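Remarks on the overall topology
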Amino acid sequence: AGMEGSGDASRAWADWRLALWTLCSVLLPVLITAWCSFQRSRRQLLIRDIFRKSKHDWHYTDLFGSPSYCCVCAQHILRGAFCSCCGLRVCEACLKKADRRFLCKEIMMRGTAGAPGSMPHHWIRGNVPLCSCCMVCKQQCGTQPKLCDYRCVWCQYTVHDECMVDCLRTEDCTFGEFKDLVIPPYYLSAINQMRKEKRTNYEKVVPYCRKHWMPVMVLANTRSGNNMGEVFLGEFKMLLNPVQVFDLSKIAPAKALQLCTWLPCNAVRVLVCGGDGTVGWVLDAIDEMKIKGQERYIPQVAILPLGTGNDLSNTLGWGAGYAGEVPVEQILRNVMEADGIKLDRWKVQVTNKGYYNLRKPKVFTMNNYFSVGPDALMALNFHAHREKTPSLFSSRIINKGVYFFYGTKDCLVQECKDLNKKVELELDGERIELPNLEGIIVLNIGYWGGGCRLWEGMGDEPYPLARHDDGLLEVVGVHGSFHCAQIQVKLANPVRLGQAHTVRLILKSSKMPMQVDGEPWAQGPCTVTITHKTHALMLYHSGEQTDDDDASSLSE
């Protein structure tokens, strides 16, 4: 019995020991994981706190896109923080030291009315761009696998360690290739002081007095198209004064454009990074400036197409879509070389029918086109699905694929058939007899539907050329979605209904899809009146051509 009792006790102890080891083997990884997670969260909170309080524009990355070295400890780093304004790169451990030790780009110099008309270079050591050349010996910089050589954050000039002499540290910065686009910090400091003293003789301030100075403002919509706006914000901040670069998801265009009042009249150029909707948003803000009496500060507008359709951008020579194939430096050169033109803007007034309708008419501003019919139905279905699941619509290719799906569906269903029996059309007060149609499109610009020259069609018939600055609208009809597809591949012509200064369309019965510049809605019986509103000052770039039709170049 004693031996049996001792055997039971040893077995019980073995069972307890097994249970204890099992518990430890389960709990230990859980505790280690929890501890690591706590430390990571604590580290992230500290990093975010530094980012929030810092004058640098810090961002964190898990993998640098090129060989990088910490600007404090000089060690090779794969991940860490970088400043999108001055280009500093640093590991996590040295982030706090770097934030205290190195100054970022100053958007405005600390000073008073006596602010100088020049400033010295602002040198940053290491991580110079590949294939950059030393401004002293003209040899390539950044070739050694270590933290070496210097770069000025304003003019982007680079210098070898051994070529850096004391005179370069105090030498005046010329702001490099883009000196005519950059707003110098000392200029803003001087203008700020003069405004406090209520003086307006800005003509004496450098570089206001310089003949070819054309400061540029960059307004980027970080949510457009492929969500590339975030990348461009950093690249433009590196080349320009950060005060010239605005994120439209954080600041409205109307507020950003007030910087124009600090700059020379009729000299400012605005680069809008986004789709046609973003461009329309900025042009509306410019119209508000006219209402406020700031017409002499109106800027000229260039476009970097990041949206899905980009028909306005295509018409003005900036291309049908941008995917990073052109360096940011070349984009700024294109903006400098672009020619000024005018763009007609139109007022679209939609008045609902009915005896008891007391609501005000809906008023839109049109830059591109107005339509009723199958293309508006495709846009309406697309927008309805994008609002439900916006994360699925971050790619331009996916967006066009969804449009194709709804276009194919409409070919089979034909929801907009017999449109000619439901509407009446008047061009400059003259009633137009309509053939059998499913859609009517009113055009202000040359391109429609993501790159199709709708008014020209196949280009085999004589017709008055379409322009975007002649005060005339082109009105066409389509037989359906399949007809639209045929026109896009130049296998058919549209039904050209005419050109007019004023267009009036009466929807007599039923509900029909309508759109203005890609913004769709379902509309009941109403009267649509389109009249000229104003002109917008745009920039035309002659370097891009997306159609080999001779008529397309003549129409501009």
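Reading guide: rules and limits
Residues numbered from 1 in each chain as written. Predicted model: local features only at pLDDT ≥ 70, side-chain atom pairs only at ≥ 80, totals over all residues. Heavy atoms only, no water. Pairing = 2+ DSSP bridges. Helix = DSSP H or I, 4+ residues; strand = E, 2+ residues; numbered from the N terminus. Expected span 1.5 Å × (residues − 1). Buried < 20%, exposed > 50% of the residue type's maximum accessible area, 1.4 Å probe, protein only. Phe/Tyr/Trp six-rings, centres within 6.5 Å; stacked < 30°, edge-to-face > 60°. Lys NZ or Arg CZ within 6 Å of the ring centre and 35° of its normal. UniProt positions renumbered as here; feature names shortened; annotations may be inferred. Polar contact = N/O pair within 3.5 Å; in protein donor to acceptor, adjacent residues only side chain to side chain. Core = buried A, V, L, I, M, F, W, Y, C linked by side-chain atoms within 4.5 Å. Contact = heavy atoms within 4.5 Å. Arc of directions from axis to C-beta. pLDDT = per-residue confidence, 0-100. Salt bridge = Lys/Arg side-chain N within 4 Å of Asp/Glu carboxyl O.

**So, the sheet that holds strand 5 (residues 89-90)**
Read from one edge of the open sheet, three strands run 1-4-5, paired in antiparallel fashion. Whereas interior strands pair on both sides, the edge strands pair on one side only; in this sheet they are strand 1 (58-61) and strand 5. Note: strand 1 against strand 4 (residues 80-83), four bridges, orientation antiparallel. Residue pairing across strands places threonine 61 opposite glycine 80, the latter belonging to strand 4.

**Concerning helix 4 (residues 185-196)**
Here helix 4 is 12 residues long and its end C-alpha atoms lie 17 Å apart, about the 16 Å a rise of 1.5 Å per residue gives. Here helix 4 lies mainly inside the structure; nine of its 12 residues are buried. Buried within helix 4 are the following residues: Pro185, Tyr186, Tyr187, Leu188, Ser189, Ala190, Ile191, Gln193 and Met194.

**Thoughts on the packing of aromatic side chains**
Enumeration over the complete set of coordinates arrives at eight aromatic pairs. Seen from their ring centres, phenylalanine 232 and phenylalanine 236 are 6.3 Å apart, and the 35° between their planes marks the pair as tilted. Of this pair, phenylalanine 232 and phenylalanine 236 both sit in helix 5 (residues 229-239), four residues apart, roughly one helical turn. Each member of the pair, phenylalanine 232 as well as phenylalanine 236, is classed as buried. Aromatic rings pair up to connect Trp154, Phe175 and Tyr186 into one cluster. Seen from the ring of tryptophan 154, lysine 105 lies directly overhead, with NZ or CZ sitting 4.7 Å from the centre. Over the aromatic face of tyrosine 150 sits the side chain of arginine 169, whose NZ or CZ is 5.5 Å from the ring centroid.

**Examining the UniProt feature "transmembrane region" (unreviewed entry) in the chain**
Mapped onto the present numbering, the UniProt feature "transmembrane region" (unreviewed entry) falls on residues 18-38. Helix and strand shares over residues 18-38 are 100% and 0% respectively, and the end C-alpha atoms of the span are 30 Å apart.

**Focus: the side chain of threonine 222**
By secondary structure assignment, the location of threonine 222 is in the loop between strand 9 (216-220) and helix 5. Accessibility expressed as a relative area gives 12% for threonine 222, which makes it buried. At 3.4 Å, the side chain of threonine 222 forms a polar contact with the side chain of serine 249.

**Section: the nonpolar core**
One finds Val90, Tyr187, Met217, Phe236, Leu257, Leu271 and Met538 to be the most contacted residues of the largest nonpolar core, which totals 104 residues. Leaving out residues up to four positions away in the same chain, methionine 217 has contacts with Gln244, Phe246, Ala256, Leu257, Leu259, Cys260, Val268, Arg269, Val270 and Leu271. In terms of nonpolar packing, the next biggest core, distinct from the first, is built from 32 residues, Leu427, Leu437, Leu505 and Ile530 among them.

**Concerning helix 9 (residues 328-337)**
Those residues of helix 9 lying buried are Val328, Ile331, Leu332, Asn334 and Val335. Down the axis of helix 9, the buried set is contained in an arc of 155°. They therefore lie on one face. Buried residues along helix 9 sit against strand 9, helix 5, strand 11 (269-274), strand 12 (300-305) and strand 24 (526-540).

**Remarks on the confidence of the model for the chain**
For the chain, the mean per-residue pLDDT works out to 85, and 87% of the residues sit at or above 70. Considering only residues more than four positions removed or in separate chains, one finds that residues 544-556, a stretch of pLDDT under 50, has 31 contacts.

**Some points on the pattern of salt bridges**
Inspection of the entire model under this criterion finds 14 salt bridges. Residues lysine 53 and aspartate 49 are paired through a salt bridge, measuring 3.4 Å at the closest nitrogen-oxygen approach. In this pair, lysine 53 and aspartate 49 are both assigned in helix 1 (residues 2-53), four residues apart and thus about one turn of the helix distant. On the basis of relative accessibility, which here comes to 61%, the residue lysine 53 falls in the exposed class. Aspartate 49 gets classed as partly exposed once you look at its relative accessible area, which sits at 26%. For arginine 199, the salt bridge identified is with glutamate 197, shortest N-O distance 2.8 Å. A relative accessible area of 33% places arginine 199 in the partly exposed class. One connected set of salt bridges, linked through shared partners, spans Asp284, Asp287, Lys290, Arg345 and Lys533.

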